[in-house]
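Chain and residue survey
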Amino acid sequence: MNGRIFGLVGALATAALMPADAASAQSIALQDSFRIGSGSSLLCSAQPTISDRVYADMFDRGYAITCRDAAVPVGSLYALRARAGDPAARLAEARAGRATCQPGEAAEIEGLGPVQTLTCRLGNADVAYRVYLKQVGSILYAAEGLGGYDSVLRLGLRSVVADREVPGDIDVATTGAGDPVAFARVQASSLDPQRALDEAYRRNNAGNYAESAEFFAALTEGRTDPADQAEALANEALQKSNLGNYAEADALFARAADLAGGDPVNQRRLRNYRTMHLLNQGRTDDALAELDRVLAGPPASEAVQSLVLDRATAAQLTAESPGARRLGGLEGLSPEDKAQVLDGQALQLRGTALRLQGRSDEAVVMLNRALDNLVAIRGGRVAATVWMRAQILGELARIAESRRDLGEAERQHRAAVALLEGDYPASAALFSAKGRLAGFYVRTGQGDQARGLYREIVGAIASDGDSSASLRRILNPYFGLLAERGNDPEAVADFFAASQVLVRPGVAQTQAVLARELSGGSDEASRLFRQSVNLTRDIERTRVDLARLEALPNPSAAQSQYAGELRSNLTQLQQDQVATQAQLAAFPRYRAVATNAISLADLQTLLRPGEAYYKMLVAGNDAYAVFVTADSARIFRIGARPGELEQQVDALRRTITVVENGQQITYPFDLDLAHRLYGALFTPVEDGIGGITHLVFEPDGAMLRLPPNLLVMDQASIDAYRARAANPDNDGFDFRGVAWFGRERDISTAVSARAFRDVRTAPPSRATGEYLGFGQNATTQGFLQQGGTRAAGECDWSLAAWNRPISASELYTAQRAITGSVQGATDIVTGEAFTDTAIKGRENLNQYRILHFATHGLVAPPRPECPAQPALLTSFGGQDSDGLLTFSEIFDLRLDADLVVLSACDTAGRAGAEVTAAAGLTTGGDFALDGLVRAFVGAGGRIVVASHWPVPDDFNATERLISGLFAAPQGTGTSGALRLAQRVLMDDPATSHPYYWAAFAVVGDGVAPVIRPVTPAEVAMVR
């Protein structure tokens, strides 16, 4: 908890993180970076470069322009003096190797007047390149870069000439495939090591831990000195701890300690960071013991045997002291200042640990001593001390509130907010401080003040599109405050808006990216969009592979050679990606910034008569829901806490299917628990459920792992079941007549409100082929007879998994149903033709609007110690085949599908962070639905039908269910078709247990029909 508050000793937030009105008055020559564009979202920024071949002396300066979703800088800005020859000639010479330019022409830039402009083309890609030159006295100002970022070049040039951030709009293409972490990585790579270190500490102190880690990673590239490596590992360890990855942090701390040796600086750094790491975990006794540990070498001061500022940290502290920067140089703090900073921080750590132990009197003494020490340094002007002072004030406010001194608590909270507003604007640290003050207002009955502060937080985060896991904790009192107001329209709208800034499963982002691709309006636009997204993933995959090789302690010659090849490939991929992004700017739809949120009113306009949207929200120890129809909305607290929901879902799943002694076992379904869970979720809106024919259900927490259709609506049907089960001849598995929630209403699963909107409004598939089915893999006998071999590792599946193929009968049943309804082409691929290599090699997958896989899904790892590797089992296709269509390989497919049916085991499960990263994705992975569902959405599937548990082979239940999906009348929605098929199994005593019929969920807009006729106009539009 508290390490996340304390972080590292750092400095001011960069101007790139400031709103334009706050930063525009500052001289950009004195800033480490500045923002380009004054919109609500940070799209582009400029980072100074300390070396460039066009510089003549130390008075020349330049900036790399970085933009969101672009893998490398898109342009440069310069202010060059004419002391050593013609700066325009130096620029032309440097540019000659990469671009061919036409003779210069005169042009006008608003707010700047006449400039010289050059129209160019890149030499290694057919992409426009622009150059702007403006002479002012003895200084030549220049902006040059990719033509697709022309508005950024113009506004950036105006800012450099004015020496301040000039407000204005920029018009750039975005895909949504990137995130703040990826953007931070590009920014970090454009900075020199010293500035990267400064920025790493700033972002840490601002609470942006994942972004800070990227700056530390960029800083450590190429470091070989053990002391430097120890510093880098210690920083990385603390970042992992701040993000809650404690096991990884422990391993990194151990590696850092091995490298630190007897170096007193690294020993003290490690002790400090480990103290914060222990406080993160609530281990206050261990944290105090760590602070008391005696280290070799002289102490930093008599007050505490603690930390010593290393040169880099001291430099970044100095950089932010007012007036310290002179012509790019840094003026150091005195040794006394440094010692006092560190003594203050150590006292702060000790005071927090004491407060957590309930020793408030001792804590107050320590915290006030820390505050006095920090205020005394340069009059409190050093930014690192400002940040630490704000944290100390927050600690003192907690203690004052515990003593019922509410006036003092409010004063301390407000003082902390005021400090951070000046030095860390628009930062996670400021949002956290405001959240603490707002929470205080909630606890003391000051609802109006609390709502105002919470709205500020939500508005700022929603406009920037950034989120973090800690927001659930920060906003939880807000959700409780709003839930008390029930049906009040303003409260419901506020609740809905706040709920959308929380982190959602990664599949939500993937659906948004797919919707953006489909909205392009032309084949060329969609092609470029997908090309850019794929290149973004290729870059991330290459970077992950390269990092793994570079981490090897003693790489072989072959590994070193491969690492060199990866570096070369990475450079080329980055250049290709940013060139593609520049070309995307030609399509206006992709220049519009997509937000992560929609308003409650927007959602209501999407809902049709008989539809409702049920959104769950888990925050802290509370669970809430918002229930929305086209003309009404209400919020309420769910009648079970998140921990209880987890227990209930686990218990229900154990009566559905559980593995015992290697066998799948099914027990009589727990109707009482299913009814109790229904009551907790739906009793507050039971009066509105009756008229709902289609429920869009957005689950959270435990309900991501359980479809709501198997919940039980009334006690009478349970009593009737018990009466039958009391018969000695009844085995307890006949559940006919139970009032299942999903019997009378269609249910779709949504992963976010925006994702639901995007899927509902996306254009349908333009494929002319109707159906393509895959299944019934060939056994390994033929593969082995043909000389196939496989070097199986400890985490590979046994070949026995391939010797239980699923029958292709459901594929042929589906094909017959479709052939009788529409004229589109159908095809079924089975046996030796159904291989992973064949599927990856097919070029016509996007010509089928329905894809159907009837095969085994391998979602859970073969052994508990192995990582989850979601995949569909296929036949073996040769020496390069592993007989699996993996998460990453599915993501790489190109589909244009209205519907993907995964008739396989547990395909609605998660992927895991390791597999997600290996696929080139930087978000998600730890949620249910982030596995195979996300992969097929990423490939181009609008709706995915997936299973929540291993599907049964008994009684042909799965075949009957999926065949019924396709046998529904033409035009029946996907959710409706599935429900009709489920009802047939519900009414059969052999398959009435939910194990047989309830596993599958429709992820997407279930109103979209399974079978629809392809119109002549759509045939004409086919690619």
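All figures in this text were calculated on a predicted structure; none of them were measured in a lab.

To continue, consider the overall build of the protein chain. The number of helices and strands found in the protein chain is 39 helices and 25 strands. Here the protein chain holds 1023 residues, and 57% of them are scored as buried. Across the protein chain, contacts joining residues at least 24 apart in sequence account for 70% of those joining residues at least 6 apart. As presented, the protein chain carries roughly 38600 Å² of accessible surface, and 51% of it is formed by carbon and sulfur atoms.

Below, the discussion takes up the layout of surface pockets. Sizing a probe to match a water molecule and rolling it over the atoms shows the empty space that remains. The space that makes up the second largest pocket amounts to roughly 1000 Å³. Taken together, 31 residues line the second largest pocket, and the ones lying closest to its centre are Val659, Gln664, Arg804, Cys905 and Pro950. Of all elements in the fold, only helix H25 (642-656), strand E13 (658-660), strand E14 (663-665), strand E20 (857-858) and helix H38 (994-997) reach the threshold of two or more residues within the lining of the second largest pocket. At three residues, the largest contribution of residues to the lining of the second largest pocket is made by H25. Its residues assigned to classes, the lining of the second largest pocket shows 16 nonpolar, eight polar and seven charged.

All right, on to the nonpolar core then. Soluble globular proteins tend to bury their nonpolar side chains together. By size, the foremost hydrophobic cluster in this structure holds 91 residues, and its most contacted members are Leu475, Phe479, Phe495, Tyr613 and Phe756. For this core, the element with the highest residue contribution is helix H15 (residues 383-402), accounting for nine residues. Apart from the residues lying within four places of it in its own chain, the contact partners of Tyr613 are Leu603, Leu607, Val626, Phe627, Val628, Val696, Glu698, Ala750, Ser752, Ala753 and Phe756. Listed in part, the 77 residues of the second largest apolar core include Phe627, Val685, Val712 and Tyr996.

Before going further, it helps to spend a moment on helix H11 (residues 284-292). Within the sequence span of H11, burial applies to Thr284, Ala287, Leu288, Glu290 and Leu291. Each buried residue of H11 sits inside an arc of 155° when the element is viewed along its axis, so together they form one side.

With that settled, consider the sheet that holds strand E21 (residues 871-873). On the basis of which strands lie adjacent, the open sheet formed by three strands has the order E20-E21-E22 and antiparallel pairing. At either margin of the open sheet sits one strand with a lone partner, and together these are E20 and strand E22 (884-886). With two bridges connecting them, E20 and E21 associate as antiparallel partners. For Gly857, the partnering residue across the bridge sits in E21 and is Leu872.

This brings us to the packing of helix H16 (residues 406-423) against helix H17 (residues 428-443). Interaxial distance between H16 and H17 falls to 9 Å at its minimum, and their mutual angle equals 160°. Judged on the interaxial angle alone, H17 and H16 are roughly antiparallel. The crossing of H16 and H17 is left-handed. When H16 is examined against H17, the residues Leu406, Ala409, Glu410, His413, Arg414, Val417, Leu420 and Glu421 are found in contact with a partner set consisting of Ala429, Leu430, Ala433, Lys434, Arg436, Leu437, Phe440 and Tyr441. Of the residues contributing to the contact of H16 with H17, the split by class is 10 nonpolar, one polar and five charged.

Moving on, we get to the pattern of salt bridges. Applying the stated criterion across every chain, the model contains 56 salt bridges. A salt bridge links Asp448 to Arg451; the nearest nitrogen and oxygen atoms lie 2.2 Å apart. Of this pair, Asp448 and Arg451 both sit in helix H18 (residues 447-464), separated by three residues, roughly a single helical turn. Looking at Arg451, the relative accessible area reads 14%, which means it is buried. The partner of Glu540 in a salt bridge is Arg543, with the nearest N and O atoms 2.7 Å apart. One end of the pair is Glu540 and the other is Arg543, both in helix H22 (residues 523-550) and three residues apart, which spans about a single turn. Assessed through its relative accessible area of 6%, Glu540 is described here as buried. Counted as one network, the salt bridges with shared partners bring together Arg455, Arg485, Asp488, Glu490 and Asp494.

Next up on the list: the pairing of strand E23 (residues 897-903). Most of E23 sits out of view: seven of its seven residues are buried. Sheet topology note: the strand E19 (residues 848-854)/E23 ladder contains five bridges and is parallel. Among the inter-strand pairings, Leu851 is bridged to a residue of E23, identified as Val900. Inspection of the sheet shows E23 paired to strand E24 (residues 941-947) by four bridges, in the parallel sense. The partner of Leu899 across the bridge, within E24, is Ile943.

Attention now moves to the packing of helix H31 (residues 809-819) against helix H36 (residues 957-967). Following both chains from N to C, one finds H31 and H36 inclined at 15°, their axes separated by 8 Å at the closest point. Overall, the two elements H31 and H36 adopt an arrangement that is roughly parallel. In the crossing of H31 with H36, the sense of the turn from one axis to the other is right-handed. Contacts from Ser809, Glu810, Thr813, Ala814, Ala817 and Ile818 in H31 reach Thr958, Glu959, Ile962, Ser963, Phe966 and Ala967 in H36. For the contact of H31 with H36, the residue count by class is six nonpolar, four polar and two charged.

Another point: the pairing of strand E15 (residues 694-698). Among the five residues in E15, five count as buried, and that is most of the element. Neither face of E15 is exposed, since His694, Val696 and Glu698 on one face and Leu695 and Phe697 on the opposite face are all buried. In terms of strand pairing, strand E10 (residues 611-619) meets E15 through five bridges, oriented parallel. From the neighbouring strand, Glu611 faces E15, where its bridge partner is His694.

For Thr175, the location among the structural elements is in the loop between helix H4 (150-162) and helix H5 (180-189). Exposure remark for Thr175: the relative accessible area of 1% places this residue in the buried category. Beyond its immediate sequence surroundings of up to four residues, Thr175 is in contact with Asp69, Val513, Arg516, Phe529, Ser532, Val533, Gln581 and Leu584.

Of all residues in the protein chain, 84% have pLDDT values of 70 or greater, and the mean over the chain is 83. A low-confidence stretch, residues 297-332 stays under pLDDT 50, and its non-local contacts, those more than four residues away or across chains, total 86 contacts. In this model residues 1018-1023 is a low-confidence stretch, pLDDT under 50, and it forms 17 contacts with partners more than four residues away in sequence or in other chains.

Okay, the environment of Thr657 next. Relative to the helices and strands, Thr657 resides in the loop between H25 and E13. Each C-alpha atom of the pair Thr657 and Trp949 lies 7.6 Å from the other, and the pair is 292 residues apart in sequence.

Even without being a glycine, Asp163 presents a positive backbone phi close to 60°. Of note in the backbone geometry, Gln776 takes a positive phi value of approximately 45° without being a glycine. Looking at the element boundaries, Gln776 is found in strand E17 (residues 769-777). With a relative accessible area of 34%, Gln776 lands in the partly exposed category.

Turning our eyes to something else, we now look at the environment of Cys120. As for its position among the elements, Cys120 is in strand E7 (residues 113-122). Judged by relative accessible area, Cys120 falls into the buried class, the value being 1%. Sequence-wise, Cys120 and Glu144 are 24 residues apart; in three dimensions their C-alpha atoms are separated by 10.0 Å. If we ignore the near neighbours within four places in the chain, the residues touching Cys120 are Ala99, Thr100, Cys101, Val127, Ala128, Tyr129 and Val131.

The subject of this paragraph is the side chain of Asn476. Considering the arrangement of structural elements, one finds Asn476 in helix H19 (residues 471-483). On the accessibility criterion, Asn476 (13% relative accessible area) is buried. Ignoring anything within four residues of it in the chain, the contact list for Asn476 reads Ala619, Gly620, Asn621, Asp622 and Tyr624.

Another aspect to go through is the environment of Asp258. Here Asp258 is to be found in helix H9 (residues 246-260). For the pair Asp258 and Pro226, spaced 32 residues apart in sequence, the C-alpha separation works out to 9.1 Å.

Rules behind the numbers
- Residues numbered from 1 in each chain as written.
- Predicted model: local features only at pLDDT ≥ 70, side-chain atom pairs only at ≥ 80, totals over all residues.
- Heavy atoms only, no water.
- Helix = DSSP H or I, 4+ residues; strand = E, 2+ residues; numbered from the N terminus.
- Buried < 20%, exposed > 50% of the residue type's maximum accessible area, 1.4 Å probe, protein only.
- Contact = heavy atoms within 4.5 Å.
- Areas by Shrake-Rupley, 256 points an atom, 1.4 Å probe, with all protein chains shown as cover.
- 1 Å grid on protein atoms, 1.4 Å probe; cavity = no way out; pocket = protein on both sides within 12 Å on 5 of 7 lines; lining within 4 Å.
- Points joined across faces, edges and corners; volume = space filled by probe spheres on them.
- Nonpolar A, V, L, I, M, F, W, Y, C, P; charged D, E, K, R; others polar.
- Core = buried A, V, L, I, M, F, W, Y, C linked by side-chain atoms within 4.5 Å.
- Arc of directions from axis to C-beta.
- Pairing = 2+ DSSP bridges.
- Axes fitted to C-alpha atoms, helices over the stretch in contact; angles between N-to-C directions.
- Parallel < 35°, antiparallel > 145°, perpendicular 65-115°, else oblique.
- Left-handed = near helix turned anticlockwise from the far one by under 90°.
- Salt bridge = Lys/Arg side-chain N within 4 Å of Asp/Glu carboxyl O.
- pLDDT = per-residue confidence, 0-100.

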